[in-house]
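# Observations on chain architecture
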Amino acid sequence: MAKFELKLPKMGESVAEATITSWLKEVGDTIEMDEPVLEIATDKVDSEVPSEVDGKLIEKLFEADDVVKVGQTIAIIETDGEVEDGADEVETEEPEAAAQVEESVATAKETASADTSNEDYSDSARFYSPLVKNIAKEERISLDELEGIDGTGKEGRVTKNDILSYVENRGSQSKKATEPKAKSTEDKGLASAKQAEPVMNGDDEIIEMSRMGKMIAHHMVDSVQKSAHVQSFIEVDVTNVWNWRNKHKNEFQKKEGEKLTFTPIFMEAVAKAIRDFPMINISVNEDATKVIKKKNINLGMAAALPDGNLIVPVIKNADRLNIVGMAKAVNDLANRARLNKLKPDDIQGGTYTVTNVGTFGSIMGTPIINQPQVGILALGAIRKVPAVIETPDGDFIGIRYKMFLSHSYDHRVVNGALGGQFVQRVAQYLEGFDKNREI
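Residues numbered from 1 in each chain as written. Predicted model: local features only at pLDDT ≥ 70, side-chain atom pairs only at ≥ 80, totals over all residues. Heavy atoms only, no water.

## A few points about the overall build of the protein chain
Counting its secondary structure elements, the protein chain contains 10 helices and 20 strands. Every one of the 439 residues in the protein chain was classed for burial, and the buried ones make up 42%. With an accessible surface of roughly 24,200 Å², the protein chain has 49% of that area assigned to carbon and sulfur atoms. (Helix = DSSP H or I, 4+ residues; strand = E, 2+ residues; numbered from the N terminus. Buried < 20%, exposed > 50% of the residue type's maximum accessible area, 1.4 Å probe, protein only. Areas by Shrake-Rupley, 256 points an atom, 1.4 Å probe, with all protein chains shown as cover.)

Right under this line is the structure:
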């Protein structure tokens, strides 16, 4: 018999720790290789940790809501035979090895619970991750002040974004606290409205928002408050795109083993337009005094999750992909989103986002900007409509395939001319699509 240490796997260059949200297996349960053992969450994505061996779970080293660093041992699995070379293993017959495991476990727990703050945040009954505590220490936030921060995490947990948002607005809040307390009638009305709770009766059902649902709600409100949203709309004739895709989709499936949807064609047009208008591919710093011009074009692609929430995986360096590479990237991210298999790095680094509101029949929409980006494009449903067709011999009515593009942009840094020209250029690329193009 041997013991295998299940460690928190590396989830990307920018992810150093994760929170255990739930255990899928209990001590004594039999586990097969690649079977999920527990669920974890970062500030960006939820995922599962699978077992690397067959065996039986004999020890859980952390509980739900504990924060674990990448590489730390989170569970011990007893195996029947030898563990594969390179895996972490402790023979049950060796007392020294067993002692080393216990020491490793103790060190892991000590590291996870370490608090470098002078403030004794451990006196609180509320859970705070080491990252949140460190930020609180650096910003000299007292325990009482920390207790007053509304958390968007599981069971009201304060996340990194919650405390950073609080720190960002802390100065204005302190200023308001020192101002005279006299309020106008309008202020009192707003305060009353803000404090009002919804009225419920005995027939109403209370549904707890999921962790991701709370995060999305927080990000949406934060985006609306931060960016000056303006929209531009344009109707596009995509008949050439429609006919080309229908002509080649079966050939593409046989040749590449991938479905050819409209999404990669639209993404290709957006990437080209961003190259033409690079000031769309920017972000704004926290105090809105500087613009960061992005070198890479990383397109976010809004995708639906099994629980109904949305997530935005990112196609890195989208402008460097041909139609085959774009189709493979789109299909891969969409499939892994549906299976909850996205990694934290898959949803980071986006510089512009595209969302398809036409999936459920909407002809246009007014999407909310995905911070810290400054623009987002909504693709409406493709419709068969009668249209005026201009020819050298005169105009006539014909049947065309058309759709609306809805461009939301941050008017703090993107004016109407740039916002309108950008979406117009996307339309021009789609309308000028070469119907004789080879795959």
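## Brief notes about the confidence of the model for the protein chain
Mean pLDDT over the protein chain: 83, with 81% of residues reaching 70 or higher. Averaged over each element, pLDDT in the protein chain is lowest for strand 9 (residues 89-91) (46) and highest for helix 8 (residues 263-276) (98). Per-residue pLDDT stays below 50 along residues 89-95; that stretch engages in 15 contacts with residues further than four places along the chain or on separate chains. Confidence drops under pLDDT 50 across residues 111-117; counting only partners more than four residues distant or on other chains, this segment forms 13 contacts. (pLDDT = per-residue confidence, 0-100. Contact = heavy atoms within 4.5 Å.)

## Notes on helix 6 (residues 211-226)
Taking 1.5 Å per residue, 16 residues should reach 22 Å; helix 6 reaches 22 Å between its end C-alpha atoms and fits that length. Looking only at helix 6, the buried set comprises Arg211, Met212, Gly213, Lys214, Met215, Asp222 and Ser223. Where the residues of helix 6 are buried, they touch strand 4 (36-41), strand 5 (46-50), strand 10 (229-237) and strand 15 (310-311). (Expected span 1.5 Å × (residues − 1).)

## What to know about the nonpolar core
Ranked by internal contacts, the top residues of the largest apolar core, which has 57 residues, are Val270, Leu299, Tyr352, Leu405, Phe422, Val426 and Leu430. Counting residues per element, this core draws most heavily on helix 9 (residues 323-338), at 9 residues. Setting aside residues no more than four positions away along its own chain, Val270 makes contact with Leu299, Tyr352, Val354, Leu377, Phe422 and Val426. With 21 residues, the next largest nonpolar core counts Val15, Ile20, Ile31 and Val49 among its residues. (Core = buried A, V, L, I, M, F, W, Y, C linked by side-chain atoms within 4.5 Å.)

## Observations concerning the sheet that holds strand 2 (residues 17-23)
In space, the 4 strands of this open sheet follow the order 5-4-2-7, with antiparallel pairing throughout. Across the chains shown, the open sheet's two edge strands, defined by having one partner strand only, are strand 5 and strand 7 (67-69). Between one strand and the next, the sheet's axes are offset by a mean angle of 45 degrees, whatever the strand orientation. Looking at chain direction, strand 2 and strand 4 are connected through 4 bridges and run antiparallel. By the bridge assignment for strand 4, Thr19 is matched with Ala41. (Pairing = 2+ DSSP bridges. Axes fitted to C-alpha atoms, helices over the stretch in contact; angles between N-to-C directions.)

## Describing the packing of helix 8 against helix 9
Where helix 8 meets helix 9, the axes come as close as 9 Å, and the angle between the chain directions of the two elements is 115 degrees. Our pair here, helix 8 against helix 9, has a crossing hand that is right-handed. Mapping the contact onto sequence places Thr263, Pro264, Ile265, Met267 and Glu268 in helix 8 and Ile323, Met326, Ala327 and Val330 in helix 9. Class assignment of the residues belonging to the contact of helix 8 with helix 9 gives a composition of 7 nonpolar, 1 polar and 1 charged. (Left-handed = near helix turned anticlockwise from the far one by under 90°. Nonpolar A, V, L, I, M, F, W, Y, C, P; charged D, E, K, R; others polar.)

## Focus on the side chain of Asp237
Among the structural elements, Asp237 can be located in strand 10. Judged by its relative accessible area of 17%, Asp237 falls in the buried class. Looking at Asp237, its side chain comes within polar contact range of the side chain of Thr239, at 2.6 Å. Reaching out from Asp237, the side chain makes a polar contact with the side chain of Arg400 at a distance of 2.9 Å. When sequence neighbours within four positions are dropped, the list of residues in contact with Asp237 reads Arg400, Tyr401, Lys402, Leu430 and Glu431. (Polar contact = N/O pair within 3.5 Å; in protein donor to acceptor, adjacent residues only side chain to side chain.)

## Some words on the packing of aromatic side chains
Across all of its chains, the model carries 5 aromatic pairs by this definition. Judged by centre distance (4.2 Å) and plane angle (10 degrees), the rings of Trp242 and Tyr401 are stacked. With Trp242 in helix 7 (residues 239-256) and Tyr401 in strand 20 (residues 394-410), this pair connects stretches of sequence that are 159 residues apart. Judged by centre distance (6.2 Å) and plane angle (20 degrees), the rings of Phe262 and Phe266 are stacked. (Phe/Tyr/Trp six-rings, centres within 6.5 Å; stacked < 30°, edge-to-face > 60°.)

## What about the environment of Ile141?
With respect to the secondary-structure elements, Ile141 resides in the loop between helix 2 (130-138) and helix 3 (143-147). For the pair formed by Ile141 and Val167, sequence separation is 26 residues and the distance between their alpha carbons is 9.0 Å.

## What to know about the packing of helix 8 against helix 10 (residues 416-431)
Packing of helix 8 against helix 10 brings their axes to within 9 Å, and their N-to-C directions diverge by 130 degrees. Considering their axes alone, helix 8 and helix 10 lie oblique with respect to each other. Note that helix 8 runs across helix 10; the crossing there is right-handed. Between helix 8 and helix 10, the residues in contact are Ile265, Phe266, Ala269, Val270, Lys272, Ala273, Ile274 and Asp276 and Phe422, Arg425, Val426, Tyr429 and Leu430, respectively. A breakdown of the residues in the contact of helix 8 with helix 10 according to their chemical character gives 10 nonpolar, no polar and 3 charged. (Parallel < 35°, antiparallel > 145°, perpendicular 65-115°, else oblique.)

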